[in-house]
Amino acid sequence: MLVVGIDSGLYATKVVLMNNGKILSKAVLTSGLEGASTTAEKALKIALGQGALSGESDKHIVATGQGKSKINFADESAPDSICLALAVNKVLPSVHTVLDIGAAHTLAVKCSKGIATSAVNSDKCAAGTGAYLELVSSILGIPFENLGGISLTSTEKIEVNSLCAVFAESEIISLVHSKKKIEDILRGVYRGLALRLYPQLLQIGLEKDIALVGGMAQDIGLRTAIEELLGHKIVFSEDSITIGALGAAIVAEGKVKAGK
Amino acid sequence: MMTAGIDIGSLSANVVVLRDDKIAVSHTILTGPDTCETSWQVMKEALVMMDRNFSVNNIDYIVATGYGRIVVPFSNKTVTEISCHAKGIHFFFPKVRTILDMGGQDCKAISCDEKSKVTNFIMNDKCAAGTGRYLERAASTLGISLADLGPLSLQVVKGPADISHYCAVFAQRDILLLRREGAHLNDILAGVCEGIVKRIFPLLQQLGIRADFAISGGVAKNIGIVSRLEKKLGIKAYIAFDSQIVGALGAALFARDFLLSGDQYF
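All figures in this text were calculated on a predicted structure; none of them were measured in a lab.

Trainee: Could you give me a rundown of the overall build of chain A, with the residues and numbers involved?
Mentor: On a plain count of helices and strands, chain A comes out with eight helices and nine strands. On C-alpha atoms alone, chain A measures out to a radius of gyration of 19 Å, which is about the 18 Å that the 2.2 N^0.38 rule sets for 260 residues. Split into buried and exposed, the 260 residues of chain A put 50% on the buried side. Considering only intrachain contacts with a sequence separation of at least 6, the fraction spanning at least 24 residues in chain A is 70%.

See the structure below:
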């Protein structure tokens, strides 16, 4: 039977389709202002279209992410940490600590063999999240996906101290006015971001390997800054953005196997 | 005797000039990117308003305050904005013992004694939630002016909208979603104001309120927040006639005191 995992985030909605342990298709859609359920429905249609599965009607759907309770066509919902632990076990089995950095939350999960043993979530504040970098991108007028690469060319160490994303905006503007180089400012921004994530990792206790997942995992600037801070390499997978949705699909599969 | 206070805040720069014990002039401009230049501009403009031949040399003593106080090139001394606010408020309302200073970038709750000496304070300057910046973002997201925000927020239609996010960045998205769902502008604004009050209240609670109570800083001009806070605290708030100049006034009063006590640099 077809199983569907939906990860409804504040900025992106992710869908993964699976059948008998195999990933059939994936879809990622920007969460618009139309409501979580509508976006998830659109993303599911895209994923179904990819796999030419639109005719198949019998499926089990599990939702996760901050909008999980709003997906009204889902059969059930599953906690983010459980989904992450399951998916990481499938994709990156050597990993024991997962840091999930999305647009609007950061979640650190400690896991062993697909089971989440502890988790620390932060979704009250934009500091440390993708929303922070989105602000930085709009102030500097640099596309979001270029920020990380530019930061790596930095030669001078600058501190960006503001914890709050809103205050960082003014701090960055005054750094630009004082003729600091963009790459140095960006490096400072990433170093600051890594520092905000550090307490969360310490709280759950670091155990190797450490993986970075979520929408922000692709950002080379952030990854480098975290690696520098921790002093060792971080594991990551190219499709880290859909990892939560994959976990939800695995949950769905487990339910189907257990006869729901 | 002429003394002056200059308050370089994150959003506005203010000057108050005292001739003996009376306010001779007060002036406010927006803080530009170059804080040092801003300090010259606001001071020169204020002096020209008094007499077009005046320069900083005509002032006997200048005290700078606010977060940009260290870059003011012509000040004789700097004093923290907390002490200046207590002193400035005391000038208008001598009985005030608790002050809430809500600025563009931070929020402070201050206790002071009968001589306007600060006895305790609690501040939030780490997070934009509960500051003027939060209001600015909300107003610009909804395309209205800051001046209209307060009065409109009091004309609630269905009830205050629920802005569930604490963070100013995420609240902006809440506001957009509410707008999309068809919530009335006034109800969203009421939600914004209630959110701010909810964030400020713990600061005051922690400090402990003693009457009289006064609100200063730019946000004190917002009737939507002031009236909700008064209701929640069950106490009337005094507002200085131009709450943005309170810090600069306090600085000018300190300048007068320093001059009279012979505390001079030159």
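Alright, that's what it looks like, and here's the rest.
Trainee: Go over the overall build of chain B with me, naming the residues and quoting the values.
Mentor: When helices and strands are counted, chain B shows eight helices and ten strands. For chain B, the C-alpha radius of gyration of 19 Å lies close to 18 Å, the compact-globule estimate for 266 residues. Taken over the C-alpha atoms alone, chain B extends approximately 65 × 35 × 30 Å along its principal axes. Looking at chain B residue by residue over its 266 residues, the buried ones come to 49%. For chain B, the share of sequence-separated contacts (at least 6 apart) that also reach a separation of at least 24 residues comes to 70%.

Trainee: How would you sum up the nonpolar core? Please name residues and give values.
Mentor: Formed by 159 residues in total, the largest nonpolar core has its most connected members in A:Ile6, A:Ala249, B:Ile6 and B:Ala252. No other element matches the nine residues that helix H8 (residues 246–260) of chain B contributes to this core. In contact with A:Ala249, other than residues within four places in its own chain, are A:Val3, A:Val4, A:Gly5, A:Val16, A:Met18 and A:Val62.

Trainee: Summarise the sheet that holds strand S5 (residues 76–77) of chain A; cite the residues concerned and give the values.
Mentor: Residues and elements named next belong to chain A. Ordered by their spatial adjacency, five strands build an open sheet running S3-S2-S1-S4-S5, and the pairing between neighbours is mixed. For this open sheet the edge positions go to strand S3 (22–30) and S5, each flanked by a neighbour on one side alone. In terms of strand pairing, strand S4 (residues 59–64) meets S5 through two bridges, oriented parallel. Residue pairing in the sheet places Val 62 in a bridge with Glu 76 of S5. Across the face of the sheet, helix H1 (residues 36–50) comes into contact with strand S1 (2–8), strand S2 (12–19) and S3 while running at roughly 140° to S3.

Trainee: I'd like a rundown of the domain arrangement of chain A, residues and numbers included.
Mentor: All names here are of chain A. Domain annotation for chain A reports domain 1 (1–91 + 241–260) and domain 2 (93–236). The distance between the C-alpha centroids of domain 1 and domain 2 comes to 26 Å. With eight residues, the top contributor of residues to the side of domain 1 that touches domain 2 is helix H2 (residues 80–91). Across the side of domain 1 that touches domain 2, the residue classes break down as ten nonpolar, four polar and one charged.

Trainee: Mind laying out the domain arrangement of chain B, listing which residues take part and the relevant values?
Mentor: Residues and elements named next belong to chain B. Each assigned domain of chain B is listed with its residue range as follows: domain 1 (1–93 + 244–266) and domain 2 (94–239). One C-alpha centre belongs to domain 1, the other to domain 2, and the line joining them spans 27 Å. In this assembly, 14 residues from domain 1 lie in contact with 20 residues from domain 2.

Trainee: Describe H2(A), and please don't skip the residues or the numbers.
Mentor: Residue and element names in this part refer to chain A. The end-to-end C-alpha distance of H2 is 16 Å, a good match for the 16 Å that twelve residues give at a rise of 1.5 Å each. When you tally the buried positions in H2, you get ten out of twelve residues, the bulk of the element. Where H2 is concerned, the buried positions are Asp 80, Ser 81, Ile 82, Cys 83, Leu 84, Ala 85, Leu 86, Ala 87, Val 88 and Val 91. Its buried side turned inward, H2 meets S4, strand S6 (97–101), strand S7 (106–112), strand S8 (115–122), strand S9 (210–213) and helix H8 (243–257).

Trainee: Could you give an account of the pairing of strand S3 (residues 22–30) of chain B, with specific residues and numbers?
Mentor: Residue and element names in this part refer to chain B. Note: strand S2 (residues 12–19) against S3, eight bridges, orientation antiparallel. Note on S3: the bridge partner recorded for Val 16 is Ser 26. From the end of S2 to the start of S3, which pair antiparallel, there are two residues, and Asp 20 there has a positive phi angle of about 55°.

Trainee: Now, about the packing of H2(A) against H8(A): what can you tell me, with residues and values included?
Mentor: Residues and elements named next belong to chain A. Relative to each other, H2 and H8 sit at 95°, their axes nearing to 7 Å. Viewed along their axes, H2 and H8 adopt a mutual orientation that is roughly perpendicular. The residues of H8 that touch H2, namely those facing Asp 80, Ile 82, Cys 83, Leu 84, Leu 86, Ala 87, Val 88, Lys 90 and Val 91, are Ile 243, Gly 244, Leu 246, Gly 247, Ala 248, Ile 250 and Val 251.

Trainee: Any chance you could break down the sheet that holds strand S9 (residues 213–216) of chain B for me, citing the residues and the numbers?
Mentor: Residue and element names in this part refer to chain B. With mixed pairing, five strands are arranged side by side in an open sheet as S8-S7-S6-S9-S10. Sheet topology places strand S8 (118–124) and strand S10 (237–239) at the edges, where each strand pairs with a single neighbour. Strand-to-strand twist across the sheet, computed as the mean angle between neighbouring axes with direction ignored, equals 20°. Relative to S9, strand S6 (residues 98–102) runs parallel, the two being bridged by four bridges. Within S9, the position partnered with Leu 100 by the bridge is Ile 215. In this fold helix H6 (residues 185–207) packs onto S6, strand S7 (107–112) and S8, with an angle of close to 20° to the strand it touches most, S7.

Trainee: Describe the interface of chain A and chain B, naming the residues involved and giving the relevant values.
Mentor: Chain A puts 17 residues into the contact, and the matching count from chain B is 17 residues. Broken down by secondary-structure element, the contributors of at least two residues to the side of chain A that touches chain B are helix H3 (130–140) and helix H5 (165–177) of chain A. Of the residues assigned to the side of chain A that touches chain B, the class counts are 13 nonpolar, three polar and one charged.

Trainee: Talk me through the pairing of S2(A); I want residue IDs and the actual numbers.
Mentor: All names here are of chain A. Summarising burial for S2: seven of the eight residues are buried, a large majority. In the sheet, S1 pairs with S2 via six bridges, with the strands oriented antiparallel. Bridge pairing links Gly 5 to Val 16 in S2. Between S2 and S3, which pair antiparallel and follow one another directly, the connecting turn spans two residues, one of which, Asn 20, has a positive phi of 50°.

Trainee: Give me the confidence of the model for chain A: which residues, what numbers.
Mentor: Mean pLDDT over chain A stands at 90; residues scoring 70 or higher make up 97%. Model confidence for chain A, summarised as mean pLDDT per element, is weakest for H5(A) at 87 and strongest for helix H4 (residues 147–151) of chain A at 95.

Trainee: With reference to specific residues and values, describe the confidence of the model for chain B.
Mentor: Residues and elements named next belong to chain B. Across chain B, pLDDT averages 90, with 98% of residues at or above 70. Mean pLDDT across the elements of chain B bottoms out in helix H5 (residues 168–180) (87) and peaks in strand S4 (residues 61–65) (96). Here the predicted complex scores 0.77 on pTM and 0.75 on ipTM.

Rules used throughout
Residues numbered from 1 in each chain as written. Chains lettered and ligands numbered in written order. Predicted model: local features only at pLDDT ≥ 70, side-chain atom pairs only at ≥ 80, totals over all residues. Helix = DSSP H or I, 4+ residues; strand = E, 2+ residues; numbered from the N terminus. Rg over C-alpha atoms; globule rule 2.2 N^0.38 Å. Buried ≥ 20, exposed ≤ 12 C-beta atoms within 10 Å, placed from the backbone. Contact = placed C-beta atoms within 7 Å. Core = buried A, V, L, I, M, F, W, Y, C linked by C-beta atoms within 7 Å. Pairing = 2+ DSSP bridges. Axes fitted to C-alpha atoms, helices over the stretch in contact; angles between N-to-C directions. Domains from an automatic or database assignment. Nonpolar A, V, L, I, M, F, W, Y, C, P; charged D, E, K, R; others polar. Expected span 1.5 Å × (residues − 1). Parallel < 35°, antiparallel > 145°, perpendicular 65-115°, else oblique. pLDDT = per-residue confidence, 0-100.

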